[in-house]
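For reference, the chains in residue letters:
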Amino acid sequence: MQGVTKEDPAATLVRPVLRVRGLGWAVGGAQIVSDVAFDVAQGEFVAVIGPNGAGKTSLFNLISGLVRPGSGSIELDRTDITSDPPHRRARRGLGRTFQSSSVFAGLSVLENARLAAAAHRGSCLRLWRRADADTGARQAALDALARVGLSGRAPDLAGALSHGDKRKLEIAILLVTEPRLILLDEPMAGVGTADVPALTEVIRSVHREEGRTVLMVEHHMDVLLGLADRVAVMHHGRLLALDTPQKVMADPLVQDAYLGEAL
């Protein structure tokens, strides 16, 4: 698609939350991500697809600061964050989940969310105060759990949740930090088929009802096509296409490189 290297029309209508330009990263001489450029507009949902090894998670690692790019730049709300460490990016409003579940299994569902809320409010290290004295953090945690449908599981140990509910908890933990941009890295990975619809609805609600900007890597095409405003296709570390789901699915280059057949 010729439009990939141009200014994204959808992103020029609304101020972009994320702007990536010429992003590249190599390991041992192998180019993992190469000259990737795109914008994500405020309130937009962009899905990232591609075969295994296409560079999707590497792209997320670059955006979230886990690795430093060899070239290019990353802006969040028009602020250059290319050299910022992950915690500073989080403070600026970038939240991320990972392919593997990352909750504190030995703490309750509520405590997982409350700790994140306390950290966001800057009250985690106030050792002279009781943990439950920060009623603001507790209420923020309860509100976030309600938004993802986990109010009834608040006192339960996080380790006792199903994998799908752990994913919901991870999203609740993100929500208490009030992120401007949410990166979801394969949220359906390991989730049972029966739990996929409910988790999909949580993600849909976070995007549409709360107006959060979302960038999501996922292999469940039926899930993505029902959520995404645009789809970005990664192939061999490059951005092959970026357009509406319908146009991307009909693109011969995408079919040849990734889908393998017409859809």
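The structure we're discussing is the one just above.
Residues numbered from 1 in each chain as written. Predicted model: local features only at pLDDT ≥ 70, side-chain atom pairs only at ≥ 80, totals over all residues. Heavy atoms only, no water.

**Student:** Could you clarify how one ought to interpret unusual backbone geometry in this entry?
**Tutor:** In most cases, non-glycine residues show a negative phi, while peptide bonds are predominantly trans. Of note in this structure, Arg78 is not a glycine but carries a positive phi near 65°. As for its position among the elements, Arg78 is in the loop between β4 (71–76) and β5 (79–80). Residue Arg78 is classed as exposed on the basis of its relative accessible area of 61%. The phi torsion at Glu186 lies on the positive side, around 50°, for a residue other than glycine. Its location among the elements puts Glu186 in the loop between β7 (181–185) and α7 (196–208). (Helix = DSSP H or I, 4+ residues; strand = E, 2+ residues; numbered from the N terminus. Buried < 20%, exposed > 50% of the residue type's maximum accessible area, 1.4 Å probe, protein only.)

**Student:** Which parts of the structure should I look at to understand the packing of helix α5 (residues 135–147) against helix α6 (residues 163–175)?
**Tutor:** Think of two packed helices as two axes; the pair is described by the angle between the axes and how far apart they sit. Across the interface, α5 lies against α6 with an axial gap of 9 Å and an inter-helix angle of 135°. As summarised for this structure, α5 and α6 are arranged oblique, according to the angle between their axes. With respect to the hand of their crossing, α5 and α6 are arranged in right-handed fashion. Contacts between α5 and α6 involve Ala144, Leu145 and Arg147 on the former and, on the latter, Leu169, Ala172 and Leu175. Here the contact of α5 with α6 is composed, by residue class, of five nonpolar, no polar and one charged. (Axes fitted to C-alpha atoms, helices over the stretch in contact; angles between N-to-C directions. Parallel < 35°, antiparallel > 145°, perpendicular 65-115°, else oblique. Left-handed = near helix turned anticlockwise from the far one by under 90°. Contact = heavy atoms within 4.5 Å. Nonpolar A, V, L, I, M, F, W, Y, C, P; charged D, E, K, R; others polar.)

**Student:** Teacher, can you tell me more about α6 here?
**Tutor:** For an α-helix, 3.6 residues make a turn, and residues three or four places apart therefore share a direction. Compared with the 18 Å implied by 1.5 Å per residue over 13 residues, the 19 Å span of α6 between its first and last C-alpha is a close match. Counting buried residues in α6 gives 11 out of 13 residues, a clear majority hidden from the surface. Within the span of α6, buried status applies to Gly164, Asp165, Lys166, Arg167, Lys168, Leu169, Glu170, Ile171, Ala172, Leu174 and Leu175. Residues of α6 that are buried make contact with β6 (94–96), α4 (109–121), α5, β7 and α7. (Expected span 1.5 Å × (residues − 1).)

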